[in-house]
Amino acid sequence: MKTEELYSGKAKTIYKTDNPDELIAEFRDSLTAFDGKKKSEAEKKGYYNAQISKKIFEMLEEEGIKTHYLGMVSDTDMLVKKVEIVLIEVIPRNIAAGSITRKYPIEEGTVFKEPVLVFDYKSDEYADPMINDDIAVAMGIATREEIDYIRSMAFKINEILKSYFESKGFLLPDFKLEFGRADGEILLADEISCDTCRFWDVETGESMDKDIFRFDKGDLSKAYEEVARRLVPEIF
Ligand code: C5P
């Protein structure tokens with residue numbers, strides 16, 4: 001049961017519950033991009049992202065990945081284990097897209113021979129700069145052991161998700177993961193959804209993710225619904 005609001009982020013609101021070790025994440029319809037400079041709402045976005053995240057967390061748990069996911073309490077509300085978030089955005093990249101093509105001479109669509117793992121420091125003040133393992137350790141963001149573990153988990157999750165999405169007709173150029181600490185363990189946290197991944201339709205190459213909003217590429221709700229139809233057909 002939700003008690004008080006703990007924190008309201010760009011797309012989710014986090015609530016306390018009766019249990020001090022558990023929180024509820026409510027997936028909202030609001031959208032932001034470019035450090036909050038662009039804002040909007042999309043009908044049913046929270047619902048589709050919540051259902052897609054649920055499906056992916058359940059699948060990853062079955063594959064032995066430890067996550068913060070505990071269950072759903074409504075269509076848009078996810079019960080999660082309370083964690084202390086590690087302040088790193090962990091981004092596995094399979095095909096070049098987005099910021100990596102702006103920072104380096106790498107053409108969009110370049111298929112990497114092996115997955116590229118990028119760490120961004122989660123900081124609005126510093127605009128999420130790219131960091132490496134040594135800087136993260138030096139800053140005390142995580143221990144060397146934690147970083148090594150996060151790195152190996154990210155590659156494992158990437159392999160699982162890449163083949164899962166391919167089986168559903170999507171390429172997975174990149175996606176963002178967040179990890180957290182609970183009871184001395186590192187758990188996969190946050191969400192995995194159309195807001196945090198790039199999905200390209202394997203037939204048409206079209207974006208089926210938040211790039212639709214970032215770059216005005218069409219009807220976001222319709223694309224998210226199509227992703228949900230392929231990943232969670234049972235809700236239709
Ligand atoms: O912007 P960039 O190309 O670095 O994003 C890489 C991936 O991480 C994309 O799938 C994007 O949706 C995701 N991302 C995110 N939250 C951020 C930054 C990136 O979910 N704050």
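Residues numbered from 1 in each chain as written. Predicted model: local features only at pLDDT ≥ 70, side-chain atom pairs only at ≥ 80, totals over all residues. Heavy atoms only, no water.

### Some details on the sheet that holds strand 3 (residues 22-27)
Here comes step 1: Read across the sheet, five strands follow the order 1-2-3-7-6 without closing on themselves; strand pairing throughout is antiparallel. At either margin of the open sheet sits one strand with a lone partner, and together these are strand 1 (2-8) and strand 6 (69-72). Pairs of neighbouring strands in the sheet enclose a mean axial angle of 30°, with direction left out of account.
Here comes step 2: Contacting strand 3, strand 6 and strand 7 (77-81), helix 1 (residues 45-62) runs over the sheet at an angle of about 135° to strand 6. (Pairing = 2+ DSSP bridges. Helix = DSSP H or I, 4+ residues; strand = E, 2+ residues; numbered from the N terminus. Axes fitted to C-alpha atoms, helices over the stretch in contact; angles between N-to-C directions. Contact = heavy atoms within 4.5 Å.)

### Brief notes about the packing of aromatic side chains
Here comes step 1: A complete count under the given rule lists eight aromatic pairs for this structure.
Here comes step 2: On the numbers, 6.3 Å between centres and 20° between planes, the contact of Tyr 48 with Phe 236 is stacked. Of this pair, Tyr 48 sits in helix 1 while Phe 236 is found in the segment after helix 6 (220-231), placing the two residues 188 residues apart along the sequence.
Here comes step 3: With a relative accessible area of 3%, Tyr 48 lands in the buried category.
Here comes step 4: Note on Phe 165 and Phe 199: the rings are 4.7 Å apart at their centroids and 45° apart in plane angle, and the pair reads as tilted. Pair noted here: Phe 165 is in helix 4 (residues 144-167) and Phe 199 is in strand 15 (residues 197-201), with a separation of 34 residues, a long-range link.
Here comes step 5: Looking at Phe 199, the relative accessible area reads 0%, which means it is buried.
Here comes step 6: When the ring centre of Phe 27 is taken as origin, the NZ or CZ atom of Lys 12, which lies over that ring, is 5.7 Å away.
Here comes step 7: The residue whose ring lies beneath Lys 38 is Phe 213, and the NZ or CZ to ring-centre distance is 5.1 Å. (Phe/Tyr/Trp six-rings, centres within 6.5 Å; stacked < 30°, edge-to-face > 60°. Buried < 20%, exposed > 50% of the residue type's maximum accessible area, 1.4 Å probe, protein only. Lys NZ or Arg CZ within 6 Å of the ring centre and 35° of its normal.)

### Observations concerning the layout of surface pockets
Here comes step 1: Roughly 1,700 Å³ of internal volume is contained in the largest pocket.
Here comes step 2: As for the largest pocket, its lining consists of 50 residues, and the residues nearest its centre are Glu 89, Lys 122, Asp 128, Lys 176 and Glu 178.
Here comes step 3: Of all the elements, strand 4 (residues 30-33) adds the most residues to the lining of the largest pocket, at four residues.
Here comes step 4: Of the residues belonging to the lining of the largest pocket, the class tally is 18 nonpolar, nine polar and 23 charged.
Here comes step 5: Both domain 1 (4-81) and domain 2 (84-218) contribute no fewer than three residues apiece to the lining of the largest pocket. (1 Å grid on protein atoms, 1.4 Å probe; cavity = no way out; pocket = protein on both sides within 12 Å on 5 of 7 lines; lining within 4 Å. Points joined across faces, edges and corners; volume = space filled by probe spheres on them. Nonpolar A, V, L, I, M, F, W, Y, C, P; charged D, E, K, R; others polar. Domains from an automatic or database assignment.)

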